[in-house]
Amino acid sequence: MPEDRTEQPHIVTCTAPVNIAVIKYWGKRNEDIILPINSSLSVTLHQDQLKTTTTVATSRSFQEDRIWLNGKEEDITHPRLQSCLREIRRLARKRRNDGDSGVDSASLSHKVHICSVNNFPTAAGLASSAAGFACLVYSLARVFGVEGELSGIARQGSGSACRSMYGGFVQWIMGNKEDGKDSLAQQVEPETHWPELRILVLVASAERKPVGSTSGMQTSVKTSCLLKHRAESVVPGRMVEMTEAIRKKDFAAFAELTMKDSNQFHATCLDTYPPIFYLNHVSQQIISLVHRYNKHYGETRVAYTFDAGPNAVIFTLQQHVPEFVHMVQYFFPPETNGADFIKGLPVNCASLSEELKQGIGLEPMPKGINYIISTKAGPGPRVVEDPTQHLLLSDGFPKKTM
Ligand code: DP6
């Protein structure tokens, strides 16, 4: 029987940010509801540069839940998608039963159509699942009229997604309850707290990662005693120190902890058996470049961090951006030196002194980096009020351009 498309669906569109961890999450104590073995802390990146947009529609005429991701229909029965859908519907039902007038009772029994797009390459180590699940949960909550704490639901889509539910500097407290009720994200400081802080994403490769985080961390938990030591004896202290460094806007302390924590995460990957390698020769060259740059100036001006992929994320202060970007451009000469190399926030011109180039003393590595995204800390998920931005048409199906 053809679907009845005459019923006008209830449509909501939201956007959500990517986050980059400075104290890394790696390892679960519960795979089903995604409970981590350690707390973690991240910076939410600005949505002007990196974001997921999701439209959710509900209608009595929809016959089944359906999802389209980056233009392609995907399997809605994926267990993590199902967890998020189930939890939001459960919360909506609970609120309705508690007499909350904001809950859209009619839509509770309706099926949903979901359409989501990223404005950056998926699975390139740029935390696309974090922004994706945060956006899904935020949009579903809006469409069903659910408010309040949602990070515990986003967490069940992808662990790191719970941190994308807030802007600025965000911690995910591991919690210790078996049901996960205390494993939630919390804002440490808002995005306005440290306006000089800048973030540069150095996209080394837009390829899919060889070992996904989910299976990678599973093997690490089983085989790495370094990971156990890290979770039990290193991260708790680092969470306190990192929070302190952020509160005081102490860049040197923030930068040093960020680099050490990234290095220790990759060390646990190497300690995993069989070992996992996320860093490649370009990543290693960036690490050398950052340390040589800081050494040249006798102070920590720049920090790197790497997730489950070879792309570097650089933290620095606004005043150092032009020189550092031009140094990256000098040591990783791009194929075309056009404006396309630097995307996002504009970067002023800078000249590199011979003394600096010689002080760094590295051999340039052509085409090592595809492009740089220049950004800063940004806000959490948002509702898009403009109906022309919906990814689903008024019949609840994706726009043809998708
Ligand atoms: C290296 O959140 O992608 O980016 O919970 O299995 O979905 P799942 O894993 P995911 O892992 C992210 C790992 C990391 C570090 C971090 O973001 O904290």
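- Named according to an unreviewed UniProt entry, the protein chain is Diphosphomevalonate decarboxylase originating from Astatotilapia calliptera.
- According to the UniProt record, the Pathway (unreviewed entry) comment for the protein chain reads "Steroid biosynthesis; cholesterol biosynthesis."
- The annotation that UniProt attaches to the protein chain under Function (unreviewed entry) is "Catalyzes the ATP dependent decarboxylation of (R)-5-diphosphomevalonate to form isopentenyl diphosphate (IPP). Functions in the mevalonate (MVA) pathway leading to isopentenyl diphosphate (IPP), a key precursor for the biosynthesis of isoprenoids and sterol synthesis."

**Comments concerning the overall build of the protein chain**
No. 1: Along its length, the protein chain carries 9 helices and 17 strands.
No. 2: Here the protein chain has a C-alpha radius of gyration of 22 Å; the compact-globule value for 402 residues is 21 Å, and the two agree.
No. 3: With the principal axes as the frame, the protein chain shows a C-alpha extent of 70 × 45 × 40 Å.
No. 4: Buried positions account for 56% of the 402 residues belonging to the protein chain.
No. 5: Long-range pairs, those at least 24 residues apart, make up 77% of the contacts in the protein chain between residues at least 6 apart in sequence.
No. 6: As displayed, the protein chain has an accessible area near 17600 Å², and 50% of this comes from carbon and sulfur atoms.
No. 7: Taking the average location of the 43 positive side-chain charges in the protein chain and that of its 42 negative ones, the two points are 2 Å from each other.

**A word on the pattern of salt bridges**
No. 1: One pass over the full model with this rule turns up 16 salt bridges.
No. 2: Residue Arg-90 is joined to Glu-87 by a salt bridge in which the shortest nitrogen-to-oxygen separation is 2.5 Å. Of the two residues, Arg-90 and Glu-87 both sit in helix H1 (residues 79–97), 3 residues apart, roughly one turn of that helix.
No. 3: Owing to a relative accessible area of 47%, Arg-90 belongs among the partly exposed residues under this scheme.
No. 4: With a relative accessible area of 12%, Glu-87 lands in the buried category.
No. 5: Its salt-bridge partner being Asp-261, residue Arg-238 comes within 3.0 Å of it at the nearest N-O pair. Residue Arg-238 is located in helix H5 (residues 225–248), and its partner Asp-261 is located in helix H6 (residues 251–271); the two are separated by 23 residues in the primary sequence. A single burial state applies to Arg-238 and to Asp-261, both of which are buried.
No. 6: Through salt bridges with shared partners, one network takes in Arg-86, Glu-87 and Arg-90.

**Some thoughts on the sheet that holds strand S16 (residues 371–375)**
No. 1: The 5 strands lie next to each other as S13-S14-S12-S16-S15, forming an open sheet whose pairing is mixed. Each edge of the open sheet is held by one strand with a lone partner, namely strand S13 (302–306) and strand S15 (342–344). Looking at each pair of strands side by side, their axes are set apart by 25 degrees on average, direction ignored.
No. 2: Relative to S16, S15 runs parallel, the two sharing 3 bridges.

What counts and how
Residues numbered from 1 in each chain as written. Predicted model: local features only at pLDDT ≥ 70, side-chain atom pairs only at ≥ 80, totals over all residues. Heavy atoms only, no water. UniProt positions renumbered as here; feature names shortened; annotations may be inferred. Helix = DSSP H or I, 4+ residues; strand = E, 2+ residues; numbered from the N terminus. Rg over C-alpha atoms; globule rule 2.2 N^0.38 Å. Buried < 20%, exposed > 50% of the residue type's maximum accessible area, 1.4 Å probe, protein only. Contact = heavy atoms within 4.5 Å. Areas by Shrake-Rupley, 256 points an atom, 1.4 Å probe, with all protein chains shown as cover. Lys, Arg positive; Asp, Glu negative; His and termini not counted. Charge placed at Lys NZ, Arg CZ, Asp CG, Glu CD. Salt bridge = Lys/Arg side-chain N within 4 Å of Asp/Glu carboxyl O. Pairing = 2+ DSSP bridges. Axes fitted to C-alpha atoms, helices over the stretch in contact; angles between N-to-C directions.

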